[in-house]
Amino acid sequence: MILHYDVFKMVLMITRLPPPQQAEDWQQQLVDGFTDVSALLTFLNLPEDAFAQQVERSFPLRVPRAFAVRMCKGDRNDPLLRQVLPVGDETNRVPGFSLDPLSEKQHNPQPGILHKYQGRALVTLTGVCAVHCRYCFRRHFPYADNQVGRKHWPDILAYLQAHPQIHEVILSGGDPLMVQDAILQAFIEQLKQLPQVTTLRIHSRLPIVLPDRVTPALGRLLADSGLRVVMVSHCNHPQEIDESVARAAHLLRAHQIHLLNQAVLLRGVNDEAQTLVQLSKRLWEIDTLPYYLHVLDQVHGAAHFAVCLSVAKQLLQTMLGQLPGYLVPKLVREEAGAASKILISLEQ
Ligand SMILES: *Cc1c(COP(=O)(O)O)cnc(C)c1O
Ligand code: SF4
């Protein structure tokens, strides 16, 4: 599986990075990120953890320094650390938790495209991410089969052309902003050949975990696409939003890019009403609207993050009482084979 490889090698392979001396700052930051449990723990003034190192092997640790600096030193329960540090609970086998809970393999008509919902399709430009989130439902996804390089683009484009009802292309992943600007630009150029496509959406964690990825050049590239552009970031806790994240959001807004955020409800990270309320308020301060609050997908290795549904509903109810409606995300879950995300009703 791809996640076993060294990320930099993968980035080189997929996006043909220029030699390191020409790498952009954000690319250098990727190389300099934490890939080792003990280095991260030392940085945080925490004791070594042999068990974490053992668990890590199946889904290696990966954390940019820009994200690690927002963690509280000396706090093993830090909500940002919890999202990325391997723990023994990951090896538990829990009934109902499986390797491919969303049956994504079935809906993968060809490498690089996932078309489940009407009017929009997910396109994968790369399988790599800057950060490895322990709860990720894609932690077991066959990225190796989805190593879409440019050689797959003609087929992806042909699929889109054969389905003219697809008017929105969602770049997802992996993390689509892991590719270089030149690749992104080349793909957008191809999309522009399809008059049916009016909206480009980008699902990325980089504006949060590696905000220097959001360069003026990226902003210009997206603004010049001629498409309506929506950036959906992925931030789970208010502590993830610092000045550098605010700067990235501001840059995107200055290029007329719409900003939404999706979060995953995670036990021990953001399962308290005041945390979620603060998250919405922080997002609003950076011009970002909360879009979805996802109930955890039941993926093997993530059961210890699960929040029970009645608690989730109570949290939403509290948010409704304390926030304007536009700052309350939709509570949703995914169901294999469904035609959309499933909205969770708060009525008893
Ligand atoms: C989540 C998702 C989308 C986007 O759904 P929206 O409700 O439009 O945000 C599209 N395709 C797939 C396969 C998805 O999982
Ligand atoms: S950035 Fe997104 S796709 Fe990548 S590991 Fe985290 S949740 Fe999964």
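That block above? That's the structure.
Computed from a prediction, not measured in an experiment: that's the story for all the values here.

Quick look at the packing of aromatic side chains now. Per the counting criterion, the structure on display carries five aromatic pairs. With a centroid separation of 5.8 Å and 85° between ring planes, the pair formed by Y135 and F305 is classed as edge-to-face. Note that Y135 is positioned in the loop between strand 2 (120-124) and helix 7 (153-162) and F305 in the loop between strand 7 (289-294) and helix 13 (309-322), a separation of 170 residues in sequence. Each member of the pair, Y135 as well as F305, carries the same accessibility label: buried. One residue, R65, lies across the ring of F34, its end atom 4.2 Å from the ring centre. The cationic tip of R213 hangs over the ring face of W26; the distance from NZ or CZ to the ring centre is 4.1 Å.

What follows covers the nonpolar core. L40, V63, M71, L171, F187 and L222 are the most contacted members of the largest nonpolar core, which totals 99 residues. If you count residues domain by domain, this core takes at least three from each of domain 1 (22-91) and domain 2 (104-343). Counting five residues, the second-largest nonpolar core is a separate cluster that includes V230, V232, Y291 and Y292.

Of the voids in this model, the second largest pocket is the one considered here, and its volume is about 220 Å³. Around the second largest pocket sit 14 residues that line it, and V295, L296, D297, Q298 and R333 are the ones nearest its centre. Residue composition of the lining of the second largest pocket, by class: nine nonpolar, one polar and four charged.

Its place among the elements puts R82 in helix 6 (residues 79-84). With a relative accessible area of 26%, R82 lands in the partly exposed category. Through-space distance from the C-alpha of R82 to that of V269 is 7.0 Å; in sequence the pair is 187 residues apart. Setting aside residues no more than four positions away along its own chain, R82 makes contact with R134, R267, G268, V269, H304 and F305.

What follows covers the site of ligand 2. Taken together, C129, V131, C133, C136, R205 and H234 make up all the residues around ligand 2. Residue composition of the shell around ligand 2, grouped by class: four nonpolar, one polar and one charged.

The next thing to look at is the side chain of S280. Its location among the elements puts S280 in helix 12 (residues 273-285). When its relative accessible area of 2% is taken as the criterion, S280 is described as buried. Those residues in contact with S280 that lie beyond four places of it in its chain are P290, M319, L323, L327 and P329.

Below, the discussion takes up the pattern of salt bridges. In this structure the tally under the stated criterion is ten salt bridges. Here R213 ties to D181 by a salt bridge, and the two come within 2.8 Å at their closest N and O atoms. Taken together, the residues R213 in the loop between helix 9 (206-209) and helix 10 (216-223) and D181 in helix 8 (residues 181-191) connect sequence positions 32 residues apart. For R213, a relative accessible area of 0% translates into the label buried. On the accessibility criterion, D181 (11% relative accessible area) is buried. Its salt-bridge partner being E335, residue R333 comes within 2.7 Å of it at the nearest N-O pair.

The next subject is a nonpolar patch on the surface. On the surface, a nonpolar cluster with roughly 300 Å² of combined accessible area is contributed by W284, L289 and Y326. Structurally, the position occupied by Y326 is in the loop between helix 13 and strand 8 (330-333).

Reading guide: rules and limits
- Within each chain, residues carry numbers counting from 1 in the order of the written sequence.
- Following the order in which they are written, the chains are lettered starting with A and the ligands numbered starting with 1.
- It should be noted that, the model being predicted, local features are given only for residues of pLDDT at least 70 and side-chain atom pairs only at 80 or more, the latter also being counted only at that level, while totals for whole chains, interfaces and linings use all residues.
- Excluding hydrogens and water, the side-chain figures rest on all heavy atoms present in the structure.
- Think of it this way: a Phe, Tyr or Trp ring, Trp meaning its six-membered ring, pairs with another when their centres are within 6.5 Å, and the plane angle makes it stacked under 30 degrees, edge-to-face over 60, tilted otherwise.
- Only DSSP runs of H or I with at least four residues qualify as helices, and only runs of E with at least two residues qualify as strands; both kinds are numbered from the N terminus onward.
- Partly exposed describes any residue whose relative accessible area lies between the buried limit of under 20% and the exposed limit of over 50%, with all areas from a 1.4 Å probe on protein chains only and scaled to the type maximum.
- Counting as a charge over the ring demands two things of the Lys NZ or Arg CZ atom: a distance within 6 Å of the ring centre and an angle within 35 degrees of the ring normal.
- Residue types Ala, Val, Leu, Ile, Met, Phe, Trp, Tyr and Cys, when buried and joined through side-chain atoms within 4.5 Å, form a set referred to as a nonpolar core.
- In this entry, domain limits derive from an automatic or database-based domain assignment.
- Definitions used throughout: a 1 Å grid over protein atoms alone; a cavity as a set of points that fits a 1.4 Å probe which cannot get out; a pocket as an open set with protein on both sides within 12 Å along at least five of seven lines; a lining residue as one with an atom within 4 Å of a point.
- Grid points are joined across faces, edges and corners, and a volume is the space filled by probe spheres set on the points.
- Gly is put with the polar residues, along with every residue not named as nonpolar or charged; the nonpolar set is Ala, Val, Leu, Ile, Met, Phe, Trp, Tyr, Cys and Pro, and the charged set is Asp, Glu, Lys and Arg.
- A contact between two residues is defined here by any heavy atoms of the two lying within 4.5 Å.
- Near residues are defined by distance, with any heavy atom within 4 Å of the molecule or strand qualifying the residue.
- A carboxyl oxygen of Asp or Glu within 4 Å of a side-chain nitrogen of Lys or Arg is what we treat as a salt bridge.
- Excluding any residue in a salt bridge, patches collect residues exceeding 30% relative accessible area, merging like charges within 9 Å and nonpolar Val, Leu, Ile, Met, Phe, Trp and Tyr side chains within 5 Å.
- Each accessible area is a Shrake-Rupley estimate made with a 1.4 Å probe; only the visible protein chains count as cover when residues are assessed.

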